[in-house]
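Read off the chains here:
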Amino acid sequence: MYITSGTSALLKRASHSSSTRRAFSSSLSRKPAAPPRPSAGSPQSPGQQNLRSLSYLSSAAARWSHGVGWNSPTSAASQIRIAALASDSLLHRKIATMASENAFKGIFTSLPKPGGGEFGKFYSLPALNDPRIDKLPYSIRILLESAIRNCDGFQVTKEDVEKIIDWEKTSPKLVEIPFKPARVLLQDFTGVPAVVDLACMRDAMNRLGSDSDKINPLVPVDLVIDHSVQVDVARSENAVQANMELEFQRNRERFAFLKWGSNAFQNMLVVPPGSGIVHQVNLEYLGRVVFNNDGLLYPDSVVGTDSHTTMIDGLGVAGWGVGGIEAEAAMLGQPMSMVLPGVVGFKLSGKLRDGVTATDLVLTVTQMLRKHGVVGKFVEFHGAGVGEISLADRATIANMSPEYGATMGFFPVDRVTLQYLKLTGRSDETVEMIEAYLRANNMFVDYSEPQQERVYSSYLQLDLSDVEPCISGPKRPHDRVTLKEMKADWHSCLDSKVGFKGFAVPKEAQEKVVQFSFQGQPAELRHGSVVIAAITSCTNTSNPSVMLGAGLVAKKAYDLGLQVKPWVKTSLAPGSGVVKKYLDKSGLQEYLNHQGFNIVGYGCTTCIGNSGDLDESVGAAITENDIVAAAVLSGNRNFEGRVHPLTRANYLASPPLVVAYALAGTVDIDFDKEPIGVGKNGREVYFRDIWPTTHEVAEAVQSSVLPEMFRSTYEAITKGNPMWNQLIVPNDKLYSWDPTSTYIHEPPYFKNMTMDPPGPHSVKDAYCLLNFGDSITTDHISPAGNINKDSPAAKYLIERGVERKDFNSYGSRRGNDEIMARGTFANIRLVNKLLKGEVGPKTVHIPTGEKLSVFDAAMKYKTAGQDTIILAGAEYGSGSSRDWAAKGPMLLGVKAVIAKSFERIHRSNLVGMGIVPLCFKAGEDAESLGLTGQERYTIDLPSKISDIRPGQDIIVRTDNGKQFTCTVRFDTEVKTKKPLIIRLLNGSNFCVVSCLYLCFRSSSSTSTMAVFFRT
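Since we're looking at a predicted model, the values are computed, not measured.

1. Describing the packing of helix α10 (residues 278–286) against helix α26 (residues 707–717)
Helix packing for two helices is described by the angle between their axes and how far apart those axes are. At a minimum axis distance of 11 Å, the contact between α10 and α26 shows a crossing angle of 110 degrees. Here α10 is positioned roughly perpendicular relative to α26, judged by the angle of their axes. Crossing handedness for the pair α10 and α26: left-handed. Where α10 approaches α26, its residues Gln280, Val281, Glu284 and Tyr285 are matched on the opposing element by Phe710, Tyr714 and Ile717. The residue inventory of the contact of α10 with α26, partitioned by class, reads five nonpolar, one polar and one charged.

2. Here we look at the pairing of strand β5 (residues 183–187)
For β5, a buried count of five out of five residues is recorded, marking the element as mostly surrounded by other parts of the structure. Alternating residues of β5 divide into Arg183, Leu185 and Gln187 and Val184 and Leu186, and every residue in both groups is buried. Sheet topology places β5 next to strand β11 (residues 301–304); three bridges connect them, and they run parallel. Among the inter-strand pairings, Leu185 is bridged to a residue of β11, identified as Gly304. As paired elements, β5 and strand β6 (residues 221–224) share four bridges and run parallel to each other. Along β6, the bridge assignment pairs Val184 with Val221.

3. Brief notes about the sheet that holds strand β16 (residues 408–410)
The strand order across the open sheet formed by four strands is β16-β15-β14-β17, and the pairing between neighbours is parallel. One side of each edge strand has no neighbouring strand; the edge strands of this open sheet are β16 and β17 (458–463). Direction aside, neighbouring strands of the sheet carry axes that sit 20 degrees apart on average. Across six bridges, the pairing between strand β14 (residues 343–349) and β17 is parallel. Paired with Val344 across the two strands is Ser458, which belongs to β17. Packing against the sheet, helix α12 (residues 358–372) makes contact with β14, β15 (378–382) and β17, and its axis sits at approximately 150 degrees to β17.

4. A short note on the sheet that holds β5
Pairing within the open sheet is parallel, and its five strands lie in the order β8-β6-β5-β11-β12. With one partner strand each, in any of the chains shown, β8 (268–271) and β12 (318–321) form the two edges of the open sheet. The average undirected angle you get between the axes of adjacent strands in this sheet is 20 degrees. Across the sheet, α10 lies against β5, β6 and β11, angled at about 140 degrees from β5, the strand it touches most.

5. Section: helix α9 (residues 239–264)
Along its length, α9 shows its largest kink, about 75 degrees, at Asn251. Among the 26 residues of α9, 24 are classified as buried, and the element is accordingly described as predominantly covered.

6. Here we look at the packing of aromatic side chains
Where two aromatic rings form a pair, the distance of their centres and the angle of their planes describe that pair. Inspection of the entire model under this criterion finds 26 aromatic pairs. For the ring pair Tyr767 and Tyr861, a centre distance of 5.3 Å and an interplane angle of 25 degrees mean the geometry is stacked. Pair noted here: Tyr767 is in strand β28 (residues 763–771) and Tyr861 is in helix α31 (residues 854–863), with a separation of 94 residues, a long-range link. Each member of the pair, Tyr767 as well as Tyr861, carries the same accessibility label: buried. An aromatic cluster of at least three residues, connected via ring pairs, comprises Phe257, Trp260, Phe265, Tyr735 and Trp737.

7. Digging into α26
Among all positions in α26, only Met709, Phe710, Thr713, Tyr714 and Ile717 are buried. Taken end-on, α26 shows its buried residues confined to a sector of 110 degrees, consistent with a single buried face. Those residues of α26 hidden inside the fold are in contact with β8, α10, α15 (415–423), α20 (577–586) and α25 (694–704).

8. A closer look at the pattern of salt bridges
As enumerated under the stated definition, the model contains 46 salt bridges in all. Note that Glu435 is salt-bridged to Arg439, the shortest N-O span being 2.9 Å. With Glu435 and Arg439 both in helix α16 (residues 428–440) and four residues apart, the pair spans about one turn of that helix. Exposure remark for Arg439: the relative accessible area of 31% places this residue in the partly exposed category. Between Lys555 and Asp559 there is a salt bridge, and its shortest N-O distance comes to 3.0 Å. Pair noted here: Lys555 and Asp559 are both in helix α19 (residues 544–559), with a separation of four residues, about one helical turn. In this structure Asp559 comes out as partly exposed when scored by relative accessible area, which is 35%. Members of the salt-bridge network, linked through shared partners, are Asp130, Arg132, Glu162 and Asp166.

Rules and cut-offs
- Residues numbered from 1 in each chain as written.
- Predicted model: local features only at pLDDT ≥ 70, side-chain atom pairs only at ≥ 80, totals over all residues.
- Heavy atoms only, no water.
- Axes fitted to C-alpha atoms, helices over the stretch in contact; angles between N-to-C directions.
- Helix = DSSP H or I, 4+ residues; strand = E, 2+ residues; numbered from the N terminus.
- Parallel < 35°, antiparallel > 145°, perpendicular 65-115°, else oblique.
- Left-handed = near helix turned anticlockwise from the far one by under 90°.
- Contact = heavy atoms within 4.5 Å.
- Nonpolar A, V, L, I, M, F, W, Y, C, P; charged D, E, K, R; others polar.
- Buried < 20%, exposed > 50% of the residue type's maximum accessible area, 1.4 Å probe, protein only.
- Pairing = 2+ DSSP bridges.
- Bend = angle between axes of the 7 residues up to and from the residue.
- Phe/Tyr/Trp six-rings, centres within 6.5 Å; stacked < 30°, edge-to-face > 60°.
- Arc of directions from axis to C-beta.
- Salt bridge = Lys/Arg side-chain N within 4 Å of Asp/Glu carboxyl O.

Geometry only, nothing functional implied.
As structure tokens, then:
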């Protein structure tokens, strides 16, 4: 067993607490059990329709998050019912009136069933008889259908529809369109702050004398708790139970809050901890492909508060990540305003060579698309090669859209998609309806038929047979390295200066060997030694071929006498319970266990930094000898400081390669020429001896992955689990904030809100809080991973009686703004030019010259009433879509970020939080303009909101006489007016309340919500 000393005491406490029912927060009281849920076909009151916490689902028939089963004959007609209180009848009458007045009602037609009757009605794209539609990419057709279906002349107009139809001409002009996703997807790290925001909106409504019950999601919201489990215990048969007990001990209050939210808010489902990773659950269970909403058929679409929501694109569902602020707007029924994207056509041909995995393919695609440049664009995969890769392989490629920079990596629905839907337990009738609808609306690809040429903005092509085995790292997902070049690349990294591909280890120190004792056994580490090997993340654990491939590598190695060294922290965290079922059936889990890859939990672990502690002896050997230790993981992110503070080198690899590198114990190896180890009878064992063939993997998949596994797994999660079901939460519609809580804290955004907006406010004589170079990610900005013992957040917790062992992670404390503000820019690998080469979460307070933590410096500026800005290079805010990467800087008092370029979601979040994103002009940056960060900056924004336009130029002046022009990155009109909309009824008037977080606030105002009425 791999268990750290600090975890042992926690386990004893967790074991005791898990057997005792209790109230879990001073703000939470006991609540009687909810009534049983009605069957799928029975009549329901509005209140009954919205009891969506999974612990109350009493029957396996309630398979859907919206209360019905795929296998139910009536499910297609009742997949989603938008909940409404009786008092909202006027709102719904108005919406119904808008629908009846749809400008495209002439193409609203029936979809007949082959045997008689009809599946439902739909808006028919072919009925428009417009030849431009036939050339549209499939992904754009989904946007078109949504605009037509929602065309009410108010939120969506005929002009919007025409823009999309004329996509070939309009997309280069960056025109703005509205888009209404069918549903919203959350995970718990991002879901907690979203529910916190909704809860404090209710409080604000209550203080303003309005009905707080009107703050409710208007579209289905599914929240999967998957980001809280940590690898505290590994290499143990009891690891799943032990880690879950610790997870509940640490996060009981958060979980109770989410369970309260699932009851307090309509149309919200919470999938309990231990069920799986959000994107795998979405792929295998939540994804509809086509909705049938009371007889209205339309394509499934989703936005989620996790960047890798794009994984669902592999299923032919349009989905992408958005910031928490945008997601809340979508929940509340507001159409998303987006720039009509260009679409890169990526043609695949041929087939993968023997032994090449889907991970090798996705890392190759990522590198190609990153080089091509696809930020803000859709990528649509097409060509005969698409038919040669499985649905799971497509999902792997779609999953890494954020890593190659695209909004989506889309695979249109074809026969492979339909086969996957049946494999994962969707009913035959549902699959028949999906195929019939998509064929009728020209959204289905049949590779057995001649393909009409579609128009794309740009084109790429890849012959699948050219893909080679590879990994990616040591610090970025798109830095691909082929296996045959890995050893040379590693030594180049040791030699090179500190950077994305360098560690600057002196030649004389590169062969250093550190010997130490690990749990009484002799052990040793070198530069490149693998100390973490994790099969983790939605990217790969949803793919049976690579998971079973990992099992085959483990088996072959075991049979030849190879064993992973005990000081390597190995772990296996599947994305759903289905993985365990097919690994057990194949007999391969036994061999993974022999190599230390016991299942540690069902959720995101190492990929998001929840890797747990290393053994103290390993940690000491690394830190005391300045060893560049390595982690190898089957994840999608390997940014510096993300996986573990002590692993400076982090490589993304397929699950079979994770096992292979764990066996080798180092990344400093040439698999073609050097043995992995010495096996039975002293025989050297090489990579080729343990690597399975494509045929062996296919046989394992064919015999071990069965539809019944998916059905039984997802029937089981609707029943919750004992620890979740024991959580007692109140029935109150308003949340009772506990001022002593260090997990859930009422944020300041709406506390002093008034009915009068504060108006625009220019940035004057601002100091530079931080001066960055290129590729500052949300991992650098947003609080993530473990809470360092010397950080301002740790000081805050200690002052409130929280012991270090109970710090938990920043992600688990996203519901507390006090901690998150202190953890903003707390990444230990932060490179701030104001520190002149020193690395760490500090900055210089310009007026005094003091070197302080970023938080302490920011508070000094705020106390003195001084504005601050940030200077940055290219790709500022890339990485995960974390709203705290915008909320945190806002709470620190940052008024603007001036950068060479921004990541799309982060830029939108900055706007939502009232931080102005400014771009240097092409060819310019802080260095070329001679900006050091020691200056004071004045940014002259227009004095009237009506004068602020998307993409306009403004002048920035410094106190030393410099002047330069920047572009304001408000990319749509909506971003300048109303990014977050709450629908309300105010007497007999239909009103829109626009909640604009801190945008154009006055310097003296603490108001964070500007309110506008339109009657």
